[in-house]
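Per-entry structural report
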Amino acid sequence: MSSSTNRPPAASSTSAQPEKSFFEQQREVLLKEIGIACLPSFEHVLANINKLNRSLEGVIAVGNEFSSVEALWSQFENVMAKDPDAEPEGQGEEGEDGHGEDETELSEQGNGR
């Protein structure tokens, strides 16, 4: 009886399952190593992607805070970009020949006499 207790339990389990080849055993070992090695790295990648996402959201939020300032500077730029020689429509005619509406007003008043 003591000889039956010294037998390893693996002998009874191998009868239930066919023994795996060396290739299958090594494949399982490698898959376990890959699974153990990749799980933390995938978690690390996911954590870094989440950190990047939060950083981008922060940058966008800061950019949105400056939208009103940007609009104000755009207005300023548009005002400064206008040609200083270009005058409003009514004044452009008067400046060319030195005479303007004054001459027409005088002629109209002179016709009334």
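The notes below deal with the structure included here.

Reading the values: rules and limits
- Residues numbered from 1 in each chain as written.
- Predicted model: local features only at pLDDT ≥ 70, side-chain atom pairs only at ≥ 80, totals over all residues.
- Heavy atoms only, no water.
- Helix = DSSP H or I, 4+ residues; strand = E, 2+ residues; numbered from the N terminus.
- Buried < 20%, exposed > 50% of the residue type's maximum accessible area, 1.4 Å probe, protein only.
- Areas by Shrake-Rupley, 256 points an atom, 1.4 Å probe, with all protein chains shown as cover.
- Expected span 1.5 Å × (residues − 1).
- Salt bridge = Lys/Arg side-chain N within 4 Å of Asp/Glu carboxyl O.
- Patch = residues over 30% accessible without salt bridge, like charges linked within 9 Å, V, L, I, M, F, W, Y side chains within 5 Å.

Attention now moves to the overall build of the chain. Of the regular secondary structure elements, the chain holds six helices and zero strands. Along the chain, helices (α) and strands (β) appear in the sequence α-α-α-α-α-α when read from the amino end. Classification of the 113 residues of the chain by burial places 0% in the buried group. For the chain, the accessible surface area stands at approximately 10,800 Å², while carbon and sulfur atoms represent 58% of it.

Moving on: helix 4 (residues 67-81). Taking 1.5 Å per residue as the helical rise, helix 4 with its 15 residues ought to reach 21 Å, and the 21 Å between its terminal C-alpha atoms agrees with that figure. Within helix 4, only zero of the 15 residues are buried, which leaves it mostly out in the open.

This next bit is on the pattern of salt bridges. The full count for this structure, using the stated rule, is one salt bridge. Salt-bridge contacts for Lys20 lead to Glu28; the nearest nitrogen and oxygen are separated by 2.3 Å. What makes Lys20 partly exposed here is its relative accessible area of 37%.

All right, on to a nonpolar patch on the surface then. A surface patch of nonpolar side chains, about 750 Å² in accessible area, is lined by Val62, Phe66, Val69, Trp73, Phe76, Val79 and Met80. Element by element, the count of residues in the nonpolar patch is highest for helix 4, at five residues. Mapped onto the elements, Met80 comes out in helix 4. Given a relative accessible area of 57%, Met80 falls into the exposed group.

Function cannot be inferred from these measures alone, as they are strictly geometric.
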